[in-house]
Amino acid sequence: MVERKLLVLFGSQTGTAQDTAERIGREAKRRHFQCRVEALDSYEVANLINELLVVFVCATTGQGDPPDNMKMFWRFLFRKNLPPSSLCQLDYAVLGLGDSSYPKFNFVAKKLHKRVLQLGGSPLLPVALGDDQHDLGPDAVVDPWLLALWDKILTLYPLPADLEIISPDIHLPPKYTLHYLAEDSPHPTDGPLQSTAPRTVPSELHPFPARMVSNQRVTAESHFQDVRLIEFDITGSGITFNAGDIVMIQPQNCPEDVQQFCQLLRLDPDRCFMLKPTEPGASLPALLPQPCTIRYLVTHYLDISCVPRRSFFELLSYFSTNELEREKLQEFSSAQGQEELYSYCNRPRRTTLEALWDFPHTTCAIPPDYLLDLIPRIRPRAFSIASSMLAHPDRIQILVAVVQYKTRLSKPRRGLCSTWLASLNPEQGDVRVPLWVKKGGMKFPVDPNTPVIMIGPGTGVAPFRAAIQERVAQGCKGNCLFFGCRQKSKDFYCQAEWEELVTKGFLTLFTAFSRDQEEKVYVQHRIRENRSQVWELLSSRNAHIYLAG
């Protein structure tokens, strides 16, 4: 009897591909496959030659780029020296998730499918191209494709005679179980953010607890938008960066939301537990300390402010003891109910916590063991670094617009990370923020004589502030900045700094204040007005142009 093993590998940026990969994992377990679901970069890629059955689920980001958690795999797969028969025993399928409003729609999935074919793999189905722009989202493609995939896989690996597909009415065991410790057991310290000397360069698995030095509002109090210039001290972290690089910040939920969540689910926030994987050999979530408190789990790990996905309602429906609630949850998790779900969840940006409020009978029946299956982890947020190490050694500064907007829901929507950062006050004690740095997509010219034209309206000016500081410290004078905002008196970030550099001859500055006169004026109008100067820099002096916003 051939071993019925399936490997599902995903490359995910925002969590959609991971959610879909986990759905395939659940469907595989219902069909009695031994199934592993892993991020592409967590998988030992050299073992791919031994695999018989793999489903790849991958998103495309930006301009046709692979997601961060498959970049190493991507580089390996496209090595020139891989023999064309490397994957000749592999049966595979590729499911892509993309957005057809971008020119390189599902580029990564198409290219992956082609490359595995070149290396000798046998495709089970044509590549699936899920599209965010479809009325029903990617599921419009994913649902029928998965039905076809299971038909194909079950012809190759039929169910053993004594087994049947586990009915969708039965819920699968959780990924982990929570083992509560005795009430009087010593409390763990509040998680892994102890400021010890770092063993490695800070990364997602080992963020650096940077001390917040200052948190300054840079828009007028009367302005509708709250924008902060925030500075962190990274002394002793081993972090280095250049202009154009990105700082990743791991946010947390606010205490009021954590308290509400624990009350709704009738959880004691101070209770300690150990996490045990249900399947032997499965790894534990990397960022959770052991032992851990419920409060730490909800504050630092569970993304209770994200908009819930279809899989959330599907799992929730199994716990429902209330018929009305169960029917609604089943509708939201069915293919036919996706439009209804979109207008309940996505359009008004309803959070997971708010959805739980709407299903009170079900919510208080959720077994704590299923919390990590039900709610995804909080993802880190990326910010352009707005300062240079040459101007501010051992410091990182960021420019943060605090996200707040209205939908039809009575409560304003708030960005998790920006709201949390804005709430921190370094004058009231030692404030620590977990962070690490990643290479950015912008590279500034090495030759100090190459002029740079930077177009950075609003907070898009952040990476250019880093570049200008860096270039000024190196004595470069060819810096030209187009900056735009609403009003000179209200949201002209870093005004004094720019004006000083203009006076010293280091910067040519063009500003567009859109609301300071009758007719709206934007950066593109200023570029057109100064076209001869811009063209001179480009044609005669080989200037580089950068745009951020």
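Residues numbered from 1 in each chain as written. Predicted model: local features only at pLDDT ≥ 70, side-chain atom pairs only at ≥ 80, totals over all residues. Heavy atoms only, no water.

Per an unreviewed UniProt entry, the recorded name for the protein chain is NDOR1 oxidoreductase, and the organism is Turnix velox. Reading the Subunit (unreviewed entry) entry of the UniProt record for the protein chain gives the comment "Interacts with CIAPIN1; as part of the cytosolic iron-sulfur (Fe-S) protein assembly (CIA) machinery. Interacts with DCPS." Reading the Subcellular location (unreviewed entry) entry of the UniProt record for the protein chain gives the comment "Cytoplasm". (UniProt positions renumbered as here; feature names shortened; annotations may be inferred.)

Undergrad: Could you clarify how one ought to interpret helix H3 (residues 107-118) in this entry?
TA: Since the α-helix packs 3.6 residues into each turn, any two residues three or four apart lie on the same face. With twelve residues, H3 extends 17 Å from end C-alpha to end C-alpha; this agrees with the ideal 16 Å at 1.5 Å per step. Where H3 is buried, its residues touch strand E3 (53-59), helix H2 (71-77), strand E4 (91-98) and strand E5 (122-123). Backbone geometry just after H3 places Gly120 at a positive phi near 100°. (Helix = DSSP H or I, 4+ residues; strand = E, 2+ residues; numbered from the N terminus. Expected span 1.5 Å × (residues − 1). Contact = heavy atoms within 4.5 Å.)

Undergrad: Teacher, can you tell me more about the sheet that holds strand E20 (residues 507-513) here?
TA: For sheets, the rule is that strands pair by backbone hydrogen bonds, running either parallel or antiparallel. If you trace the four strands from one edge of the open sheet to the other, you get E20-E19-E18-E21, paired in parallel fashion. Whereas interior strands pair on both sides, the edge strands pair on one side only; in this sheet they are E20 and strand E21 (544-547). Neighbour-to-neighbour, the strand axes of this sheet turn through a mean angle of 15°, independent of strand direction. Bridge count for strand E19 (residues 479-485) against E20 is seven bridges, and the pairing is parallel. Bridge assignment links Phe482 to a residue of E20, and that residue is Phe510. Across the sheet, helix H14 (residues 462-473) touches strand E18 (452-455), E19, E20 and E21, and the angle it forms with E18 is around 155°. Relative to the sheet, helix H18 (residues 531-541) contacts E18, E19, E20 and E21, its axis offset from that of E18 by approximately 135°. (Pairing = 2+ DSSP bridges. Axes fitted to C-alpha atoms, helices over the stretch in contact; angles between N-to-C directions.)

Undergrad: I would appreciate a short explanation of the environment of Asp131 in the present structure.
TA: By the element assignment, Asp131 lies in strand E6 (residues 128-131). Given a relative accessible area of 15%, Asp131 falls into the buried group. C-alpha separation for the pair Asp131 and Gly96, spaced 35 residues apart in sequence, amounts to 8.5 Å. Leave out the neighbours within four places in its chain, and Asp131 touches Gly98, Asp99, Ser100, Phe105, Gly137 and Pro138. A polar atom in the side chain of Asp131 sits 2.6 Å from the side chain of Ser100. (Buried < 20%, exposed > 50% of the residue type's maximum accessible area, 1.4 Å probe, protein only. Polar contact = N/O pair within 3.5 Å; in protein donor to acceptor, adjacent residues only side chain to side chain.)

Undergrad: It is not clear to me how the state of the cysteines should be interpreted in this structure. Could you clarify?
TA: By definition, a disulfide links the sulfur atoms of two cysteines through a covalent bond. Per the stated rule, a full pass over the model turns up zero disulfides. Looking at Cys417, it has no disulfide partner, and the nearest cysteine sulfur is the one in Cys254, 13 Å off. For Cys417, a relative accessible area of 3% puts it in the buried group. (Disulfide = S-S within 2.5 Å.)

Undergrad: So what exactly am I meant to see when it comes to the packing of aromatic side chains here?
TA: Both the distance between ring centres and the angle between the ring planes are used here to describe each pair of aromatic rings. Evaluated as defined, the whole model comprises 15 aromatic pairs. Note on Phe332 and Tyr344: the rings are 5.0 Å apart at their centroids and 20° apart in plane angle, and the pair reads as stacked. Note that Phe332 is positioned in helix H8 (residues 323-332) and Tyr344 in helix H9 (residues 338-346), a separation of twelve residues in sequence. Judged by relative accessible area, Tyr344 falls into the buried class, the value being 13%. (Phe/Tyr/Trp six-rings, centres within 6.5 Å; stacked < 30°, edge-to-face > 60°.)

Undergrad: For this particular structure, what's the right way to read the packing of helix H5 (residues 255-264) against helix H6 (residues 294-301)?
TA: When two helices pack together, their arrangement is given by the angle between their axes and by how far apart the axes lie. At a minimum axis distance of 10 Å, the contact between H5 and H6 shows a crossing angle of 125°. Put simply, H5 runs oblique to H6. In the packing of H5 onto H6, the handedness of the crossing is right-handed. In this structure, H5 contributes Val258, Phe261 and Cys262 to the contact, and H6 contributes Ile294, Arg295, Val298 and Thr299. (Parallel < 35°, antiparallel > 145°, perpendicular 65-115°, else oblique. Left-handed = near helix turned anticlockwise from the far one by under 90°.)

Undergrad: Quick question: what am I supposed to make of H8 here?
TA: The set of residues buried in H8 consists of Glu325, Leu329 and Phe332. Seen from one end, H8 has its buried residues packed into an arc of 60°, which puts them on one side. Those residues of H8 that are exposed and angled more than 90 degrees off the buried face are Glu323 and Leu324. Looking at the buried side of H8, the elements it contacts are helix H7 (310-319), H9, helix H10 (352-358) and helix H11 (360-363). Its side-chain oxygen placed 3.1 Å from the backbone nitrogen of Leu324, Asn322 serves as the N-cap of H8. (Arc of directions from axis to C-beta.)

Undergrad: I tried to follow unusual backbone geometry on my own but got confused; where do I start?
TA: Negative phi values dominate among residues other than glycine, just as trans dominates among peptide bonds. That bond from Gln290 to Pro291 is cis: its omega, -10°, falls within 30 degrees of zero. Of note in this structure, Arg266 is not a glycine but carries a positive phi near 55°. Note that Arg266 resides in the loop between H5 and strand E11 (272-277). Within the chain, Asp394 stands out as a residue other than glycine whose phi angle is a positive 60°. By the secondary structure assignment, Asp394 is in the loop between strand E13 (381-384) and strand E14 (395-401). What makes Asp394 partly exposed here is its relative accessible area of 36%.

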